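Observations on the three-dimensional arrangement
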Amino acid sequence: MLTHRIIPCLDVKAGRVVKGVNFVNLRDAGDPVEIARQYDRAGADELVFLDITASHEDRNIMIDVVRQVAEQCFMPFTVGGGIRTIEDVTRLVQAGAEKVSINTAAVVDPRIITQTARRFGRCATVVNIDPKRVPLAEFLDHARQLHPHLVPPALLAANAAQTHPQVFEVHTHGGRRPTGLEAVTWARRVVELGAGEIVLTSMDGDGTLSGYDIPMTQAVADAVDVPVVASGGCGSPEHIYDVLTQTAADAALAASIFHYGTYSIEQTKRYLAERGVPVRLS
């Protein structure tokens, strides 16, 4: 039986792990190398390292920090942030990343997804998707300007019928820029281009500790045939149980509950195992 993965995430800014709410109001959580070492000893299944301001600040990811973390950590290690070219991807892999997570660059030039998959394999090619719920009219304004050929017909029909649903709009540059891309449509597209995994982060849930966005996660996980990692909003092991049992997500990513010691990796896995969720126990 395949086990579900429990994945801590290190959001890094200026060489320090940080955590905020809805991608803002960041507060310090510690040194990334030391925290990675602790998670490795604690039995985390994987680790995600995101340089969350690299794209916004138009700079390369901190290779030295990536290399130091990779030296301390023997679990699978995914790195993202500031990736613009296949050469950036190559440097990250050479520094020790097992997978690379592409977000902004995938929207700017989707060819990088295919290039990464061809050079390093689909298993190493992760696309991070950061959606936010926005009103339909707002989304269509963005979509018509930026990606008119990717506007889902159902949303056009809803607009014509003057219904006003919310849309899961993908954002880039650390959540600062709307893209006019709808999350499910974009997820299908990145898989077609070669993505072997999707990390799906709810901007609305991020840092709130109120639980994962179940409808959004379910919609995306049902639409693709690659693993989907649920992210954004975890406040307890119960939230992880909910997203893994109510959706087709393969894994759950969390930060705040682990960084600040509210729950441990072991506590979380024991909670899940006792309720019949298959996880790898130490």
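Bear in mind that the values here come from a model prediction, so they are computed numbers and not experimental data. (Residues numbered from 1 in each chain as written. Predicted model: local features only at pLDDT ≥ 70, side-chain atom pairs only at ≥ 80, totals over all residues. Heavy atoms only, no water.)

Re helix 8 (residues 183-193)
An α-helical turn contains 3.6 residues, so a residue and the one three or four places further along point in the same direction. The cut-off we apply is this: Type-normalised accessible area, obtained with a 1.4 Å probe on protein chains alone, sets the label of each residue: buried when under 20%, exposed when over 50%, and partly exposed for intermediate values. Only DSSP runs of H or I with at least four residues qualify as helices, and only runs of E with at least two residues qualify as strands; both kinds are numbered from the N terminus onward. Distance and chemistry together define a polar contact, namely a pair of N or O atoms within 3.5 Å, with one atom able to donate a hydrogen and the other to accept it when in protein, and with adjacent residues in sequence counting only for side-chain atoms on both sides.
Along helix 8, the residues that are buried comprise A183, V184, W186, A187, V190, V191 and L193. Measuring from the backbone nitrogen of V184 back to the side-chain oxygen at the start of helix 8 gives 3.1 Å, which picks out E182 as the cap. One or two positions beyond helix 8, positive phi appears at G194, with a value near 130 degrees.

Digging into the pairing of strand 11 (residues 228-231)
Where a strand is regular, its side chains alternate between the two sheet faces. Just so we agree on the cut-off: Between any two strands, pairing holds if DSSP finds at least two bridges. Crossovers are described as right-handed under a simple rule: with the strands pointing away from the observer, the path leading from the first strand over the helix to the second runs clockwise.
Across the two faces of strand 11 the burial is the same, with V228 and A230 and V229 and S231 all buried. Relative to strand 11, strand 10 (residues 197-201) runs parallel, the two being bridged by four bridges. Residue pairing in the sheet places V199 in a bridge with V229 of strand 11. Between strand 10 and its parallel partner strand 11, the chain crosses via helix 9 (residues 214-223), and the hand of that crossover is right-handed.

Some remarks on the packing of aromatic side chains
Put simply, the rule is: Put simply, two rings from Phe, Tyr or Trp (the six-membered ring, in Trp's case) pair if the centres are within 6.5 Å, and we call them stacked under 30 degrees between planes, edge-to-face over 60, tilted for the rest. Definition used: whenever NZ (Lys) or CZ (Arg) falls within 6 Å of the ring centre and also within 35 degrees of the ring normal, the charge is taken to sit over that ring.
Within this structure, the stated rule accounts for two aromatic pairs. Ring centres of F49 and F77 lie 6.2 Å apart, and the angle between their planes is 80 degrees; on these two criteria the pair is classed as edge-to-face. In this pair, F49 sits in strand 4 (residues 47-51) while F77 sits in strand 5 (residues 77-80), placing the two residues 28 residues apart along the sequence. Positioned over the ring face of Y271 is R275, at 3.6 Å from the centre of the ring.

Let's talk about the confidence of the model for the chain
Test applied: The pLDDT value expresses, per residue, how confident the predictor is, ranging between 0 and 100. The contact rule is simple, with two residues in contact once any of their heavy atoms fall within 4.5 Å.
Put simply, the chain has an average pLDDT of 87, and 87% of its residues get 70 or more. Counting interchain partners and residues more than four positions distant, the pLDDT-below-50 stretch residues 19-27 has 33 contacts. Considering only residues more than four positions removed or in separate chains, one finds that residues 55-59, a stretch of pLDDT under 50, has 11 contacts.

Thoughts on the packing of helix 1 (residues 32-42) against helix 2 (residues 63-72)
Two measures define how a pair of helices packs: the angle their axes make with one another and the distance between the axes. This is how the line gets drawn: Note on definitions: angles span 0 to 180 degrees between N-to-C directions of axes, and those axes are lines fitted to C-alpha atoms, for helices only across the stretch in contact. In this scheme, roughly parallel covers angles under 35 degrees and roughly antiparallel covers those over 145, while 65 to 115 is roughly perpendicular and the rest are oblique. The hand of a helix crossing depends on one turn: near helix anticlockwise from the far one by less than a right angle means left-handed, and clockwise means right-handed. Here the nonpolar group is Ala, Val, Leu, Ile, Met, Phe, Trp, Tyr, Cys and Pro; Asp, Glu, Lys and Arg are the charged ones; every other residue, Gly included, is treated as polar.
At a closest axis distance of 9 Å, the pairing of helix 1 and helix 2 adopts a crossing angle of 25 degrees. Taken together, the axes of helix 1 and helix 2 are roughly parallel relative to one another. Relative to helix 2, helix 1 is oriented so that their crossing is right-handed. Contacts from P32, V33, A36, R37 and D40 of helix 1 reach helix 2 at V65, Q68, V69 and Q72. Residues belonging to the contact of helix 1 with helix 2 are distributed by class as follows: five nonpolar, two polar and two charged.

With respect to the nonpolar core
As a reminder, the rule being used: Put simply, a nonpolar core is a bunch of buried Ala, Val, Leu, Ile, Met, Phe, Trp, Tyr and Cys residues held in one set by side-chain atoms that sit within 4.5 Å of each other.
Y39, L47, I198 and I240 are the most contacted members of the largest nonpolar core, which has 70 residues in total. Considering every element that reaches this core, the biggest residue donor is helix 8, with seven residues. With nine residues, the next largest nonpolar core counts I7, C9, V199 and A251 among its residues.

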